[in-house]
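# A structural walkthrough
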Amino acid sequence: MPPSLGSELIAAWAARRGLAFTARPDEAWFRRWEPYDTIAPPSAYLSSCTWTANPGHAVIAEPWYADGDAEPLERSLLGFAAHPALQRRASMRVGEHFLTRVAFIESAPPPRVVLDDALWDAHVTTFAASPREAAAAFHPRLRKLLARRGFQGHLELRSGGLVVHCAGLRPIPEHYDRLLGIVREIVNAAVGS
């Protein structure tokens, strides 16, 4: 696999922000987040930047959706956050994106649920063990934040962390910065119920 285009720019941005940068991060760390409920697993993860806080941390990385030396058709970013106060499991997506999971070979898809929130249910596809679990995970404060941002993409909450994909963000410094801010906002809203 060729080095990720623009990784030197991401490394410079991370250094300016005081973040740890790894061009070829530890695959095992990312694979522990899989299988995703709504996101297809990439063939690799590249150019990860880590922001550490107390408690928890956030990691932004490029998921590589191509094999070998091939260039992916599209490039994107995933944000990960680990925080002990995140205890619910539910996922959601707004829109169909190139990385939307369509095959469920290793695990069954989670049940699709509704929250009895007309605006949310009309625009968001939500998955959880039950509507009650989804409503507790995507409580009103978090739903308002996502609506205010006009969120498009995927958000998966799970015990101890979350994964987020924002449609349209690419592996450039400005989008790494934007996704880091979005991840931090989502964590603050999710734990501040």
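A quick note: this is a predicted structure, and the numbers were derived from the prediction, not measured.

Now for the side chain of Thr-100. For Thr-100, the position within the fold is in the loop between strand E5 (90-94) and strand E6 (112-113). The buried category is assigned to Thr-100, whose relative accessible area is 8%. Side-chain polar atoms of Thr-100 contact the side chain of His-154, separated by 3.2 Å. Among all residues touching Thr-100, those that are not within four sequence positions of it are Thr-38, Ala-40, Arg-93, Gly-95 and His-154.

Moving on to the side chain of Arg-93. If you trace the backbone, Arg-93 turns up in strand E5. Judged by its relative accessible area of 14%, Arg-93 is buried. A distance of 2.8 Å separates polar atoms of two side chains, one belonging to Arg-93 and the other to Glu-96.

Next up on the list: helix H6 (residues 173-191). Residues spaced three or four apart along an α-helix face the same direction, because each turn holds 3.6 residues. Between the first and last C-alpha of H6 there are 27 Å, a value that for 19 residues agrees with the 27 Å anticipated at 1.5 Å per step. The set of residues buried in H6 consists of Pro-173, His-175, Tyr-176, Leu-179, Leu-180, Ile-182, Val-183, Ile-186, Val-187, Ala-189 and Ala-190.

Our next topic: the sheet that holds E6. Taking strand neighbours across the sheet as the criterion, the 9 strands line up as E1-E2-E3-E4-E9-E8-E5-E7-E6 in an open arrangement whose pairing is antiparallel. The sheet is open, and its two edges are formed by strand E1 (20-22) and E6, each paired on a single side. Where E5 meets strand E7 (residues 125-128), 4 bridges bridge the pair, whose relative direction is antiparallel. Residue Ser-91 lies in a different strand from E7, and its bridge partner there is Phe-127.

Cut-offs applied
- Every chain's residues receive numbers from 1 upward, in the order its sequence appears when written.
- Whole-chain, interface and lining totals are the exception, using all residues; otherwise, since this is a predicted model, local features are given only for residues with pLDDT of at least 70 and side-chain atom pairs are given and counted only at 80 or more.
- In computing side-chain properties, one takes all heavy atoms of the structure into account and sets aside hydrogens as well as water.
- A run of DSSP states H or I qualifies as a helix once it reaches four residues; a run of E qualifies as a strand once it reaches two. Both are numbered from the N-terminal end.
- The cut-offs for exposure are 20% and 50% of the maximum accessible area for each residue type, with area from a 1.4 Å probe on protein chains only; residues under the lower value are buried, those over the upper are exposed, and the others partly exposed.
- Any N or O atom pair separated by 3.5 Å or less is treated as a polar contact, with the protein-specific requirement of one donor-capable and one acceptor-capable atom, and with residues adjacent in sequence counted only for side-chain atom pairs.
- Only heavy atoms enter the contact rule, under which two residues are in contact if any of them lie within 4.5 Å.
- Expected helix span is given by 1.5 Å per residue-to-residue step, counting one fewer step than there are residues.
- When DSSP locates at least two bridges between a pair of strands, those strands are taken to pair.

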